Amino acid sequence: MLDGALPYLRCPVCRRPLSRHERALRCPDGHSFDMAKQGYADLSAGRLPHTGDSAEMIADRSAFLAAGHYAFIATALAEAASLTVDPPLTAAAPLADVPVEAAPSVVREMVLDAGTGTGDYLARVLDAAPAAVGLGLDVSKPALRRAARSHPRAAAVLTDLWRPLPVADAAASVIINVFAPRNGQEFRRVLRPDGRLLVVTPAADHLTELITAYGLLQVDPDKAGRVSESLDEHFTPAGSTTHRRMLTLTATEARTLIGMTPSARHVAPADLPTDAVTVTAAVNLTTYRPR
């Protein structure tokens, strides 16, 4: 799983290409990075300022997504990505800085999932793009343990999205970013000039019934402004669509939904739903092109 994405990875210390040596990745300068037994590579290059979503949050997210409640988001992403490459690109096309000895004879299109979580969205995009490989980045080790197994063509890497990404320049044909931090400068660096950045953010009425009834964290009313501020220097919006579903959830599913969000840290177990609920799920999907 990692080998397909290896030509796109770079040493987080010196930015040189990496090669695989049993359970480690190494660069020509001798920097070495461990691969976890669960299949993901640690390219954090030091202590991380935060550890991301907990094991409990990831377990809830995995269960909720497996039930198909957010399948409409995954489908919208796959349609927006719409990668069809036949035959695959030559190594020189997407990665001009990959040395011949480090690159395979054919380098595929690469989909980068920035803030991959469990890898479910990346897997759906790859299902619709048989010529592509995927690379999921996240700061949560529990998330990456699942993301590393999410798809045969997906690799998972531990890194902080706010730091320089351990990815080659102009490596990604598509970047997807779902409810995750947005590093505009780095996204622009690693995206091909003809690539697309797909950003999913909550709409104003996303989960409004749960927010009202249980005092959950609200969607930032200036969410669109903050997204624009983080990306406008490097990207131009190329279109936005809103996707909305009414979800009928059992009490257990509603508790799972709350548990996978940041609100999990703010709601006491005794205050969680005990009856079935109907919930609005609404997201905005915006496509950006590099400036």
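Residues numbered from 1 in each chain as written. Predicted model: local features only at pLDDT ≥ 70, side-chain atom pairs only at ≥ 80, totals over all residues. Heavy atoms only, no water.

Draft legend 1. Region of interest: the sheet that holds strand β5 (residues 109-114). Spatially, β4-β7-β6-β5-β8-β9-β11-β10 is the arrangement adopted by the 8 strands of the open sheet, whose pairing is mixed. Looking at the sheet topology across the chains shown, the edges are occupied by β4 (41-42) and β10 (235-249). In this structure, β4 lies alongside strand β7 (residues 154-158), joined through 2 bridges in parallel fashion. When the bridges of β7 are listed, D42 appears paired with L158. Running at roughly 170° to strand β6 (residues 132-138), helix α3 (residues 120-127) makes contact with β5, β6, β7 and β8 (172-178) of the sheet. (Pairing = 2+ DSSP bridges. Helix = DSSP H or I, 4+ residues; strand = E, 2+ residues; numbered from the N terminus. Contact = heavy atoms within 4.5 Å. Axes fitted to C-alpha atoms, helices over the stretch in contact; angles between N-to-C directions.)

Draft legend 2. Molecular detail of the packing of helix α1 (residues 55-66) against helix α8 (residues 251-259). Between α1 and α8, the shortest axis-to-axis distance is 8 Å and the interhelical angle comes to 130°. It follows from the interaxial angle that α1 and α8 lie oblique. Along this stretch, α1 crosses α8, giving a crossing that reads as left-handed. Between α1, through M57, D60, A63 and F64, and α8, the contact on the second element is made entirely by E253, T256, L257 and G259. (Parallel < 35°, antiparallel > 145°, perpendicular 65-115°, else oblique. Left-handed = near helix turned anticlockwise from the far one by under 90°.)

Draft legend 3. Fine view of the side chain of S140. Take S140: it is sitting in the loop between β6 and α4 (141-147). In this structure S140 comes out as buried when scored by relative accessible area, which is 0%. Within the local environment of S140, its side chain forms a polar contact with the backbone oxygen of D53, the two atoms lying 2.8 Å apart. Of the polar contacts made by the side chain of S140, one reaches the backbone nitrogen of A143; its length is 3.2 Å. Other than its neighbours up to four places away in sequence, S140 contacts T51, G52, D53, I58 and L158. (Buried < 20%, exposed > 50% of the residue type's maximum accessible area, 1.4 Å probe, protein only. Polar contact = N/O pair within 3.5 Å; in protein donor to acceptor, adjacent residues only side chain to side chain.)

Draft legend 4. Up close: the pattern of salt bridges. Throughout the structure, instances matching the rule amount to 9 salt bridges. Among the salt bridges present, the one from R20 reaches D3, with a minimum N-O distance of 3.0 Å. Of this pair, R20 sits in strand β1 (residues 19-21) while D3 sits in the segment before β1; the two residues are 17 residues apart in sequence, bridging distant segments of the chain. R20 sits in the partly exposed class, given a relative accessible area of 37%. Put simply, D194 and R192 hold a salt bridge, and the shortest N to O gap is 3.2 Å. (Salt bridge = Lys/Arg side-chain N within 4 Å of Asp/Glu carboxyl O.)

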